[in-house]
Amino acid sequence: MNLAKLQQDVQYQMDDAEALSAQANQVIGEHNALEREISSLENDICQLKSELSTRNTNIHHHRQRLHNLESEKNRLHCQLDAEHSKNNSLESEVRSLQSKLNSRATSSNSHSPRMPKAHVTHQKKRVACTTQTNRLNISKAKLDSFRSKNITLRH
């Protein structure tokens, strides 16, 4: 009877060992699954760090580009102000020349063409008026050129 009892105890211990082995295999499987999940998460973290680094680099480049564009904008504003100043100067010159032209035309009309001296004087003034008109046309052309440049700069 001792032998039967001993065999029964051995059988219980073998059954317990099999149960423990099954539990150990289940724990090992769960452990392996957790290791795979950790590895996957570590890969995700590396990928996110790489994306973050790329985005930070892009932000840096965009900030530099923005700074360069702002500098260019300021330079163009200064150039535009200078062109405005030139335009104002040319407009003033045109008005002055127009005024001189008008006053010469008025004074040349007051002489009588019948008198020889007056006729010569009239011819001289006419040549002077033509010269002034040519200068006026050149100044107007310069002004138009500067205006067209300003329009181009504004757009």
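Everything discussed here concerns the structure shown above.
Model, not experiment: these values are computed from the prediction.

## Observations concerning the overall build of the chain
In terms of helices and strands, the chain carries two helices and zero strands. Buried residues in the chain amount to 10% of all 155 residues. When contacts within the chain are restricted to residue pairs at least 6 apart in sequence, long-range pairs at least 24 apart make up 81% of them. Approximately 12,800 Å² of the chain is accessible, and the part contributed by carbon and sulfur atoms is 56%.

## Considerations on a nonpolar patch on the surface
Together, Leu3, Leu6, Val10 and Met14 line one region of the surface with nonpolar side chains, adding up to about 390 Å² of accessible area. You can see Leu6 is positioned in helix α1 (residues 2-109).

## Section: the pattern of salt bridges
In total, this model carries two salt bridges according to the counting rule given. Arg75 serves as the salt-bridge partner of Glu72, at 2.7 Å between the closest nitrogen and oxygen. Highlighted residues: Glu72 and Arg75, both in helix α1, separated by three residues, approximately one helical turn. For Glu72, a relative accessible area of 35% gives the class partly exposed. Residue classification places Arg75 among the partly exposed residues on the basis of a relative accessible area of 43%. A salt bridge links Lys86 to Glu83, with the nearest nitrogen and oxygen atoms 4.0 Å apart. Here Lys86 pairs with Glu83, and both are found in helix α1, just three residues apart, close to one helical turn.

Procedures and definitions
Residues numbered from 1 in each chain as written. Predicted model: local features only at pLDDT ≥ 70, side-chain atom pairs only at ≥ 80, totals over all residues. Heavy atoms only, no water. Helix = DSSP H or I, 4+ residues; strand = E, 2+ residues; numbered from the N terminus. Buried < 20%, exposed > 50% of the residue type's maximum accessible area, 1.4 Å probe, protein only. Contact = heavy atoms within 4.5 Å. Areas by Shrake-Rupley, 256 points an atom, 1.4 Å probe, with all protein chains shown as cover. Patch = residues over 30% accessible without salt bridge, like charges linked within 9 Å, V, L, I, M, F, W, Y side chains within 5 Å. Salt bridge = Lys/Arg side-chain N within 4 Å of Asp/Glu carboxyl O.

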